[in-house]
Each structure stands twice: as structure tokens, then as C-alpha cells.
Amino acid sequence: MEAYKKLLRENKAWASSKLGTDPEYFKRLADLQTPEFLWIGCSDSRVPANEITGTDPGEIFVHRNVANLVVNNDVNLLSVLDFAVNHLKVKHVIVCGHYGCGGIRASMSNLDYQPILNMWLRNIKDVYRLHRDKLDAIEEFEARADLLTELNVQEQVFNLAKTSIVQKAWRDNGYPHLHGWVYGLKDGIINPVFEMTANTALDPLYEYDDIQF
Ligand code: CO
């Protein structure tokens, strides 16, 4: 059997098993989506948001890209953020990286990954440059990559806080709570490394004091 056909067969089995335990399952989900969380994670196939957090469909609004970046001119990510914050009114936005991330490792090399990937990975190189002294002091590559992974989620949380979308929500609602987490491929455990709330001080350079909308 061709590999993709297995997916369709498993889908049917999954749908009927859901109905077996709860005949109203799909009807309920189809009528309402009220997730409390927006998850910004890595596209890596080993980090499925729902599975590792024990959540069901309907509980987490998900955006994933290579190395879980929040890039300020990424219309895709910003549309997801805008919808999640302003329409779904999520209480938490989680940026979740993972140890052993290929994107992080690639950004630490000097290889030419061709224009598109180079452009994307450049964002991580910039995070490295901001923390160069701390990172260069670590001799072992794995440990250095692990720290860069943690600093990267911290930086992406800062990037969320720099948006007028988040700043307006903080002003009007007092949320969302922003989280920077790193998942361990080796043990399945999430390490919370950073957080920001509406009360956290932001670099004044990025603060909007006249948000109109
Ligand atoms: Co990754």
C-alpha cells in the first residue's frame, strides 16, 4: 500500500473511535472553537503540540515554522497572532522550541543553504550575535546549541511583545501571557525558560504609547 493511503485509512479509524466514545464529539467541535492557547512551534515532525501537552483538538491554536520564529514582517504568523489574540482572545501565547533543532544547528554553521533558507536562518544568527559572548564561552557544540535554543525562544517572546497586537491586548485585557518553552526530544519534557506578562517592562524603544485601534 502507498504510504499516504495509510493516513486516510487511519483517519477513518480515528474518526470512528472518537464517535465510539462520544457520539457528539465532532458536532461539538464543529460548532465552536475556543482555544485558550496559541502555540508557535517548530515544524519538526517530532514536536506535535497537542500530543506532547495532552490536549485535544479545539484546545490549542497552532502555528509552526522552521525554528519557531516570530518575524515582524511575516504576514502568515502575524495573521495567526492577530486572529488568535483579537478574535479567539487566547489567554496564553507559547513559543516552543526544542533541543536538537535542525534550524538552530544550521544557523550555527557557515554553510550556504541557498537564498530562501539563508534568509530565514539569518534571524537566528542575529539572536546568536546578540548573545555572542555568552555563547562563545561554551566550548561544546551541543551545549552551545541548547543555550541558543533557549535564547531564541526568549528573543521570539520579545518579538511578540514588540507587536502592537500584543501591546494593545495587554492594555485592553491584561493578557495574553507570553511563554518561551523548550521541549526535550530525548525525555519528552518541556522546560519553561522565559515569560512575559502585561506587567513586564518592555524596552521603551519598542513601546507604542498611542495605539489607536
Ligand atoms: Co526545530
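Since this is a predicted model, take the numbers as computed values, not measurements.

Got a minute to help me understand the coordination of the cobalt ion in this structure?
Ideal coordination angles are 109.5 degrees for a metal with four donors arranged tetrahedrally and 90 or 180 degrees for a metal with six donors arranged octahedrally. Around the cobalt ion, the protein contributes the donor atoms Cys42 (SG), His98 (NE2) and Cys101 (SG), which lie 2.1 to 2.3 Å from the metal centre. Between consecutive donors of the cobalt ion, the numbers of intervening residues give the motif C-x55-H-x2-C. You can see cysteine 42 sitting in strand 1 (residues 37-42) and its partner cysteine 101 sitting in the loop between strand 3 (92-98) and helix 5 (102-107), a full 59 residues away along the chain. For the pair cysteine 42 and cysteine 101, one class covers both residues: buried.

Would you mind going over the sheet that holds strand 3 with me for this structure?
A sheet is described by the order of its strands in space; here five strands give the open sequence 2-1-3-4-5, paired in mixed fashion. Edge positions in the sheet fall to strand 2 (60-65) and strand 5 (190-196), since each has one partner strand and no second. Strand-to-strand twist of the sheet, defined as the mean angle between neighbouring strand axes without regard to direction, takes the value 20 degrees. For strand 4 (residues 177-183) and strand 5, the ladder comprises six bridges, and the chain directions are antiparallel. Bridged to leucine 178 within strand 5 is methionine 196.

Which parts of the structure should I look at to understand the environment of leucine 160?
Considering the arrangement of structural elements, one finds leucine 160 in helix 8 (residues 141-161). On the basis of relative accessible area, leucine 160 is assigned to the buried category, the value being 0%. The spacing of leucine 160 and alanine 143 is 17 residues in sequence and 26 Å in space, taken between C-alpha atoms. Discounting chain neighbours no more than four positions away, the residues touching leucine 160 are Ile40, Val70, Leu81, Val93, Val95, Val166 and Leu178.

Would you explain the environment of glutamate 139 in this entry?
The topology assignment puts glutamate 139 in the loop between helix 7 (132-136) and helix 8. Sequence separation of glutamate 139 and threonine 149 is 10 residues, and the distance between their C-alpha atoms is 16 Å.

Could you clarify how one ought to interpret the packing of aromatic side chains in this entry?
Two descriptors summarise a pair of aromatic rings, namely the distance from one centre to the other and the angle between the planes of the rings. The final tally for this structure, using the stated rule, is five aromatic pairs. Measuring from ring centre to ring centre gives 5.0 Å for tyrosine 25 and phenylalanine 26, while their planes differ by 90 degrees; the resulting arrangement is edge-to-face. Given a relative accessible area of 29%, phenylalanine 26 falls into the partly exposed group. Ring geometry for phenylalanine 61 against phenylalanine 83: centres 5.7 Å apart, planes inclined by 40 degrees, an arrangement best described as tilted. In this pair, phenylalanine 61 sits in strand 2 while phenylalanine 83 sits in helix 4 (residues 75-87), placing the two residues 22 residues apart along the sequence. Classification of phenylalanine 83 by relative accessible area gives partly exposed; the value is 37%. One Lys or Arg, lysine 91, reaches over the ring of tyrosine 175 and ends 4.9 Å from the middle of that ring. The lysine or arginine in question, lysine 162, covers the ring of tyrosine 206, its NZ or CZ lying 4.3 Å from the ring centre.

Rules used throughout
- Residues numbered from 1 in each chain as written.
- Predicted model: local features only at pLDDT ≥ 70, side-chain atom pairs only at ≥ 80, totals over all residues.
- Heavy atoms only, no water.
- Donors = N, O, S within 2.8 Å, 3.2 Å for Na, K, Ca; no water.
- Helix = DSSP H or I, 4+ residues; strand = E, 2+ residues; numbered from the N terminus.
- Buried < 20%, exposed > 50% of the residue type's maximum accessible area, 1.4 Å probe, protein only.
- Pairing = 2+ DSSP bridges.
- Axes fitted to C-alpha atoms, helices over the stretch in contact; angles between N-to-C directions.
- Contact = heavy atoms within 4.5 Å.
- Phe/Tyr/Trp six-rings, centres within 6.5 Å; stacked < 30°, edge-to-face > 60°.
- Lys NZ or Arg CZ within 6 Å of the ring centre and 35° of its normal.

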